[in-house]
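Descriptive structure summary
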Amino acid sequence: MAEAKKQKEKIQSAIATQVKNLREADENIKWYIQEDITALSDELSQTERLISKLEQAHQGQQDMMKGLSEVKKTLLNFNSLVTDCT
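Cut-offs used in this document
- For every chain, the first residue of the written sequence is number 1, and numbering continues from 1 along that sequence.
- Only residues with pLDDT of 70 or above have their local features reported here, since the model is predicted, and side-chain atom pairs are shown and tallied only from 80 upward, although totals for entire chains, interfaces and linings are computed over all residues.
- The basis for every side-chain value is the complete set of heavy atoms in the structure, and neither hydrogens nor water enter the calculation.
- Axis lines are fitted through C-alpha atoms, for helices just across the contact stretch, and the angle between N-to-C directions can take any value from 0 to 180 degrees.
- The way it works is that DSSP assigns letters per residue, a run of H or I at least four long becomes a helix, a run of E at least two long becomes a strand, and they are numbered from the N terminus.
- With respect to orientation, any angle under 35 degrees is reported as roughly parallel, any angle over 145 as roughly antiparallel, any angle of 65 to 115 as roughly perpendicular, and every other angle as oblique.
- The handedness criterion is simple: a crossing whose near helix is rotated anticlockwise from the far helix by less than a right angle is left-handed, and one whose near helix is rotated clockwise is right-handed.
- Amino acids outside the nonpolar list (Ala, Val, Leu, Ile, Met, Phe, Trp, Tyr, Cys, Pro) and the charged list (Asp, Glu, Lys, Arg) are all regarded as polar, and Gly is one of them.

What follows covers the packing of helix 1 (residues 2–24) against helix 2 (residues 27–76). One can describe the packing of helix 1 onto helix 2 by two numbers: an axis separation of 9 Å at closest approach and a directional angle of 160 degrees. By the angle class used here, helix 1 and helix 2 are roughly antiparallel. For helix 1 against helix 2, the interelement crossing comes out left-handed. Across the contact of helix 1 with helix 2, the residue classes tally to 13 nonpolar, 7 polar and 7 charged.

Here it is, written out as structure tokens:
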């Protein structure tokens, strides 16, 4: 996930640079810079979706570990639960 976040920052920086270049560019090359910005924006969207999926997976794993911890606690206390019932 850290690598994806670094990639996101790199893309954002590249977009900012190209926007600056667009402001200063000659009319003949503005179209190419706009195309590059569009491509970078698409790449940024894909990277953000990947980060979101990774964060959701991480949260799901944490929730699962919490649930497993509760099951473990219940199993370890099973004898005392049975004793309390009798």
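Having seen the structure, we can now continue with the description.
Right, let's talk about the environment of Arg23 for a bit. For Arg23, the location among the structural elements is in helix 1. Measuring from C-alpha to C-alpha, the distance between Arg23 and Ile33 comes to 10.0 Å, with 10 residues separating the pair along the chain.

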